[in-house]
Amino acid sequence: MRKIVSAAAIALLASCVAPKDAVKLSPIEELGKKLFFDRDLSTPAGQACAACHGQAVGFSGPDEQVNKTTGIYEGAVKGRFGNRKPPAAAYAGWSPKLHIDEDGEFVGGLFWDGRATGEGLGDPLAEQAMGPFLNPLEQNMPDAAGVVEAVRRSSYAGLFEKVFGAGALDPGKDPGAVFADIGRAIAAYERSAELNPFSSKFDGFWRSARAKGLEVGSIDGSNAADFRGLGLSDRELEGLVLFNTKGLCSKCHVLTSVGGMPPVFADYKYDNLGVPRAPDNPFLEQDKAFNPDGRGWIDPGLGGFLGTVGKYKALAAENVGKHRTPTLRNVDKRPSPGFVKAYMHNGYFKSLEDVVRFYNTRDVAGAGWPPPEVAANLNTTEMGDLGLTGAEEGLIVEFMRTLTDK
Ligand code: HEC
Ligand code: HEC
């Protein structure tokens, strides 16, 4: 019998397969890659990190069917779902440890709510990587020892010992310490050039501007002509100007260079944009053991996490509903032009056009947006009524399309 496989299923399968090394990886990066794509590190076996972070979409959610509907991915155990949309694992390693800056605002950490603070291992990315394995709603491994045991049986156990020393996986070793090394190896891969290629059309433009002594972060209507002919079309350039001026996007998706590299488009701070509630979030139907609030669950964001930490408790209320500014790199990376992606922490939006329209008109009477999921702490100064025309919205979207890596 001939098996009929849909194009979408093929795209999904392809996105979960480890990419051929586009760049030369160091041994620890190569080890991290093996771990990232290993489907035996879940219970039951079958789910790798890549199931929710696929290369074809910039290492975010690769399943179009999921993106079109809830945007929330099923764990290794059928019927179990987490509560948020997978952000990109690419370019995630640039976020600093969670801290309070000179203005008293929280910056850094990983996960939408910052709970991978980096305080444990000194690195939010390595700490984050240890989360999904033991999360019963994700890879559902029983404990650190179980993950270590699975790595010991893997085809790349030799590479692990090459990286961390002979005997690094011996049964006598402290499983907690070996598990931390697993986190560090994955972080090394996530920081490698394979996930941080800086190879988009925008990057070419940014480097050309630099070479001419032009600072992209200072682009506006008065100097835009200086930036012509450097790799962006006139429309993309107009979009960039709007992104940096009337659209106010760069207030948070900043255009500053980090470590001499082109911008990552994130200030790593937290905001409540007033994204509407996603009523179909499958987490709302989860077992009481995982979601005691049932259908009444509201995503508390950063404030929810702060409420669990003694030293931050007093700051929880003023941060409820806030989520960390994500990178905009690869927001438009998709395997085919019509492929649907989901945006924001709960996957509420399904297109970049809708996202920009929301920023532009959230507070405009008659615009028809549902109320925010969390009304407290709403950002009303940098968005909501930007006065952009429909054409200008489109130009900002065109600019975001230049952020797709080759
Ligand atoms: C079942 C889907 C799923 C699997 C499997 C999964 N993730 Fe995620 N990942 C998510 C979701 C959802 C979030 C956001 C969760 C949150 O913020 O509360 C996330 C967040 C992240 C982040 C944080 C990015 C940021 O900007 O904050 C990184 C990095 C990441 N995952 C890497 C990994 C790695 C490494 C693995 C394997 C060890 C993995 N993920 C497995 C769904 C998944
Ligand atoms: C006040 C800070 C701020 C401003 C201004 C801002 N953003 Fe954002 N942006 C965020 C935060 C925070 C999120 C995540 C919010 C959430 O999920 O609840 C986000 C999410 C996004 C996303 C979704 C990314 C993803 O992976 O899901 C896109 C696209 C985006 N912003 C584009 C823009 C554009 C375009 C503008 C200007 C019109 C803009 N942003 C202005 C802070 C900001």
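Preceding this paragraph is the structure being described.
Note that the structure is predicted; figures quoted are calculated from it, not measured.

Brief notes about the overall build of the chain
The helix and strand inventory of the chain stands at 13 helices and four strands. The C-alpha radius of gyration of the chain comes to 21 Å, within 12% of the 22 Å expected for a compact globule of 406 residues. By its C-alpha atoms, the chain is 65 × 60 × 50 Å across when sized along the principal axes. Looking at the chain as a whole, 54% of its 406 residues qualify as buried. The contacts of the chain with a sequence gap of at least 6 include a subset with a gap of at least 24, amounting to 64%. About 17800 Å² of surface is accessible on the chain, with carbon and sulfur atoms providing 56% of the total. Averaging the positions of the 45 positive and the 51 negative side-chain charges in the chain gives two centres separated by 4 Å.

Things to note about the coordination of the iron atom of ligand 2
Looking at the iron atom of ligand 2, one finds its protein donor set to be His253 (NE2) and Tyr359 (OH), positioned 1.9 to 2.1 Å from the metal centre. The site at the iron atom of ligand 2 holds six donor atoms, and with the angles between them running 88 to 179 degrees, its shape is octahedral. Placement of histidine 253 in the loop between helix 10 (234-244) and strand 3 (270-271) and of tyrosine 359 in helix 12 (residues 352-361) is noted, with a sequence separation of 106 residues between them. You can call histidine 253 buried: its relative accessible area is 9%.

Notes on the site of ligand 2
Around ligand 2, the structure places 24 residues, and the nearest of them are Cys249, Cys252, His253, His345 and Tyr359. One of the side-chain nitrogen or oxygen atoms of lysine 85 is found 2.7 Å away from an oxygen atom of ligand 2. In the model, a nitrogen atom of ligand 2 is placed 2.9 Å from a nitrogen or oxygen of the histidine 253 side chain. Secondary structure elements with two or more residues in the shell around ligand 2: helix 12 and helix 13 (390-400). Looking at the shell around ligand 2 element by element, the count peaks at three residues for helix 12. By residue class, the composition of the shell around ligand 2 is 15 nonpolar, six polar and three charged.

Let's talk about unusual backbone geometry
For the peptide bond that leads from threonine 43 to proline 44, omega is -5 degrees, which places it in the cis range. Within the fold, proline 44 resides in the loop between helix 2 (27-37) and helix 3 (64-68). In this structure, asparagine 140 is a non-glycine residue whose phi angle is positive, near 60 degrees. Mapped onto the elements of the fold, asparagine 140 is located in the loop between helix 5 (131-134) and helix 6 (144-152). By relative accessible area, asparagine 140 is classed as buried at 19%. A positive phi is found at phenylalanine 198, a non-glycine position, where the angle reads about 45 degrees. Summarising the element assignment, phenylalanine 198 is placed in the loop between helix 8 (175-190) and helix 9 (201-211).

Overview of the pattern of salt bridges
One pass over the full model with this rule turns up 25 salt bridges. The partner of glutamate 149 in a salt bridge is arginine 153, with the nearest N and O atoms 3.2 Å apart. For glutamate 149, a relative accessible area of 29% corresponds to the partly exposed category. Given a relative accessible area of 61%, arginine 153 falls into the exposed group. Note that aspartate 203 is salt-bridged to arginine 329, the shortest N-O span being 2.6 Å. Of this pair, aspartate 203 sits in helix 9 while arginine 329 sits in the loop between strand 4 (323-324) and helix 12, and the two are 126 residues apart along the sequence. Summarising the burial analysis for this pair, aspartate 203 and arginine 329 share the class buried. Salt bridges here are not isolated pairs; linked through shared partners, they connect Arg84, Asp113, Arg115 and Asp299.

Focus on the packing of aromatic side chains
Taken as a whole and assessed by the stated rule, the structure comprises 21 aromatic pairs. With a centroid separation of 5.7 Å and an interplanar angle of 85 degrees, the aromatic rings of tryptophan 94 and phenylalanine 198 are classed as edge-to-face. Taken together, the residues span a long stretch of sequence, with tryptophan 94 in the loop between helix 3 and strand 1 (99-100) and phenylalanine 198 in the loop between helix 8 and helix 9 at a distance of 104 residues. The buried category is assigned to phenylalanine 198, whose relative accessible area is 2%. Between the aromatic rings of phenylalanine 160 and phenylalanine 164, the centroid separation amounts to 5.0 Å while the plane-to-plane angle is 45 degrees, which identifies the pairing as tilted. A residue pair is termed a helical-turn pair when its members lie 3 or 4 positions apart in one helix, as phenylalanine 160 and phenylalanine 164 do in helix 7 (residues 157-164) at four residues. Residue phenylalanine 164 is classed as partly exposed on the basis of its relative accessible area of 27%. A cation over an aromatic ring shows up here: arginine 329 above the ring of tyrosine 91, its NZ or CZ 4.9 Å from the ring centre.

Remarks on helix 7
Buried within helix 7 are the following residues: Ala157, Leu159 and Phe160. All buried residues of helix 7 fall inside an arc of 155 degrees around its axis, so they share one side. Exposed residues on helix 7 whose side chains face more than 90 degrees from its buried face are Gly158 and Lys162. Following helix 7 by one or two positions, glycine 165 adopts a phi angle in the positive range, close to 105 degrees.

So, the site of ligand 1
Taken together, 27 residues lie around ligand 1, and Cys49, Cys52, His53, Phe111 and Arg324 are the ones closest in. Within the backbone of tryptophan 112, one N or O atom sits 2.8 Å away from an oxygen atom of ligand 1. Those elements that provide at least two residues to the shell around ligand 1 are helix 4 (124-129), helix 5 and helix 8. In terms of residues, the shell around ligand 1 owes the most to one element, helix 4, which gives three residues.

Parameters at a glance
Residues numbered from 1 in each chain as written. Chains lettered and ligands numbered in written order. Predicted model: local features only at pLDDT ≥ 70, side-chain atom pairs only at ≥ 80, totals over all residues. Heavy atoms only, no water. Helix = DSSP H or I, 4+ residues; strand = E, 2+ residues; numbered from the N terminus. Rg over C-alpha atoms; globule rule 2.2 N^0.38 Å. Buried < 20%, exposed > 50% of the residue type's maximum accessible area, 1.4 Å probe, protein only. Contact = heavy atoms within 4.5 Å. Areas by Shrake-Rupley, 256 points an atom, 1.4 Å probe, with all protein chains shown as cover. Lys, Arg positive; Asp, Glu negative; His and termini not counted. Charge placed at Lys NZ, Arg CZ, Asp CG, Glu CD. Donors = N, O, S within 2.8 Å, 3.2 Å for Na, K, Ca; no water. Tetrahedral: all angles 85-135°; square planar, octahedral: opposite > 155°, others 65-115°. Near = heavy atom within 4 Å. Polar contact = N/O pair within 3.5 Å; in protein donor to acceptor, adjacent residues only side chain to side chain. Nonpolar A, V, L, I, M, F, W, Y, C, P; charged D, E, K, R; others polar. Salt bridge = Lys/Arg side-chain N within 4 Å of Asp/Glu carboxyl O. Phe/Tyr/Trp six-rings, centres within 6.5 Å; stacked < 30°, edge-to-face > 60°. Lys NZ or Arg CZ within 6 Å of the ring centre and 35° of its normal. Arc of directions from axis to C-beta.

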